[in-house]
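Structural description and commentary
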Amino acid sequence: MSYTHILVDTRGRVGLITLNRPQALNALNDALIDEIGLALDGFEADENIGAIVITGSEKAFAAGADIGAMAGFSYMDAYKGDYITRNWERVKTCRKPVIAAVAGFALGGGCELAMTCDLLIAADTAKFGQPEVKLGILPGAGGTQRLPRAVGKAKAMDLCLTARFMDAAEAERAGLVSRVVPADKLLDEALAAAETIAGYSLPVVMMIKESVNRAYESSLAEGLLFERRQFHAAFALEDQKEGMAAFVEKRKAQFKHR
Ligand code: CAA
């Protein structure tokens, strides 16, 4: 499979997707988003892959949806073409965990793409923002929905309404980012986290992703019931027997279904 706007690679049991439109700070067009979808299809089907990392360049994870591509849109173009829909939620539907490794700008659709990932690791150079208001539009790929869930209403309103950028330290304090690392360690750190995840039982990892995501979509009572049922189901797995036997025998678990 050859790609134009992304680089696709594997590192051990980790699939690596690198956004690669340096001339436009990795601005996201439909073709690029479709390529991410194809790469995820491939990694999802690949039994040797247990987790995925999406990253950009030193300067930009992605500076948003491609402004040039949409500048001339009419309402009909946007609505009839269902713009910012096809494959934009593909990361969420991917059953294997996806880590965003963000350096530099993650703005507009770039911030939104990072937020669809399951774990967000930032370089100390990262800058997050939803500056669409400056363009006379609003966020269209989840910025007004995922950002408040991640950082609360006050900060989400601040970012969406003023278009100011949030640095990595503020993003970590606000809960958008799980870790901040020096820029030159970003990829290593993200790959190491992904490799750790890929070493665990894949069905369990998928159950965790599904359960945590359920917390955003349901009431607490429904979410707790969903979690409990998944928890019960885990006892049907050979990997549960292995994980607990390894603990008792004081050895490292060798999970079969990775
Ligand atoms: N779309 C298309 N091209 C973009 C782009 C974007 N979102 N962001 C940057 N570029 C291009 C620039 O046009 C420029 O190209 P040229 O060299 O051909 O002129 C190149 O990338 C480098 O950018 P700058 O010269 O502007 O670099 P800078 O370091 O001075 O500024 C920046 C960096 C602050 C990120 C600035 O580029 C910027 O503000 N970009 C736009 C950010 C934005 O508004 N994002 C939201 C887009 S809308 C959206 O995403 C909707 C949605 O919810 C899905």
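This one's a predicted model, so the numbers in the text were calculated from it and none came from an experiment.

Another point: the sheet that holds strand β2 (residues 14-19). Taken together, six strands build an open sheet; the order of strands is β1-β2-β3-β5-β7-β10 and the sheet is mixed. The open sheet has two free edges, formed respectively by β1 (6-11) and β10 (179-181), since each of these has just one partner strand. Each strand of the sheet is rotated relative to its neighbour by a mean of 20°, with strand direction disregarded. For strand β3 (residues 51-55) and strand β5 (residues 98-102), the ladder comprises four bridges, and the chain directions are parallel. Note on β5: the bridge partner recorded for V53 is I99.

With that settled, the discussion passes to unusual backbone geometry. A positive phi angle, near 50°, is found at L25, a position not held by glycine. Along the polypeptide, L25 turns up in the loop between β2 and α1 (30-45). The phi torsion at I84 lies on the positive side, around 60°, for a residue other than glycine. Structurally, I84 can be placed in the loop between α3 (75-80) and α4 (90-93). Residue classification places I84 among the buried residues on the basis of a relative accessible area of 18%.

With that settled, consider the packing of helix α5 (residues 109-116) against helix α6 (residues 143-151). Contact pair α5 / α6: the axes reach a minimum separation of 10 Å and the direction vectors enclose 55°. Taken together, the axis directions place α5 and α6 in an arrangement best described as oblique. α5 and α6 meet at a crossing whose hand is left-handed. Contacts between α5 and α6 involve E112, M115 and T116 from the first element and G143, R146 and L147 from the second.

Along its sequence, the protein chain is carved into domain 1 (6-198) and domain 2 (201-249). Distance between the C-alpha centres of domain 1 and domain 2: 27 Å. Taken together, the 11 residues of domain 1 in the interface contact seven residues of domain 2. Of the roughly 790 Å² buried where domain 1 meets domain 2, counting both sides, 56% is carbon and sulfur surface. Area buried by domain 1 at its contact with domain 2 is led by K92, R95 and R149, which between them contribute 55% of it. Where domain 1 packs against domain 2, one counts five residue pairs in polar contact (both at pLDDT 80 or more). Looking at the side of domain 1 that touches domain 2 residue by residue, the classes come out as five nonpolar, one polar and five charged.

A word on a nonpolar patch on the surface. Judged by side-chain polarity, I67, L135 and I137 come together as a nonpolar surface patch covering roughly 250 Å² of accessible area. With respect to the helices and strands, the residue L135 is situated in the loop between β8 (127-129) and α6. You can call L135 partly exposed: its relative accessible area is 46%.

There is a patch of like negative charges on the surface, built from E58, D124, D184 and D188. Tracing the backbone shows D184 in the loop between β10 and α9 (186-198). Residue class for D184 comes out exposed when judged on its relative accessible area of 62%.

On to the pairing of β2. Taking burial as the measure, the six residues of β2 include six buried ones, the bulk of the element. A two-sided burial pattern is seen for β2, the buried positions comprising V14, L16 and T18 on one face and G15, I17 and L19 on the other. Pairing of β1 with β2, which is carried by six bridges, proceeds in the antiparallel orientation. Looking at the pairing, L7 lines up with T18 of β2. Counting the residues in the hairpin turn of β1 and β2 gives two residues, including G12, whose phi is positive at 60°. In the sheet, β2 pairs with β3 via five bridges, with the strands oriented parallel.

Rules used throughout
Residues numbered from 1 in each chain as written. Predicted model: local features only at pLDDT ≥ 70, side-chain atom pairs only at ≥ 80, totals over all residues. Heavy atoms only, no water. Pairing = 2+ DSSP bridges. Helix = DSSP H or I, 4+ residues; strand = E, 2+ residues; numbered from the N terminus. Axes fitted to C-alpha atoms, helices over the stretch in contact; angles between N-to-C directions. Buried < 20%, exposed > 50% of the residue type's maximum accessible area, 1.4 Å probe, protein only. Parallel < 35°, antiparallel > 145°, perpendicular 65-115°, else oblique. Left-handed = near helix turned anticlockwise from the far one by under 90°. Contact = heavy atoms within 4.5 Å. Domains from an automatic or database assignment. Buried area = accessible area lost by both parts, 1.4 Å probe. Polar contact = N/O pair within 3.5 Å; in protein donor to acceptor, adjacent residues only side chain to side chain. Nonpolar A, V, L, I, M, F, W, Y, C, P; charged D, E, K, R; others polar. Patch = residues over 30% accessible without salt bridge, like charges linked within 9 Å, V, L, I, M, F, W, Y side chains within 5 Å. Areas by Shrake-Rupley, 256 points an atom, 1.4 Å probe, with all protein chains shown as cover. Salt bridge = Lys/Arg side-chain N within 4 Å of Asp/Glu carboxyl O. Lys, Arg positive; Asp, Glu negative; His and termini not counted. Charge placed at Lys NZ, Arg CZ, Asp CG, Glu CD.

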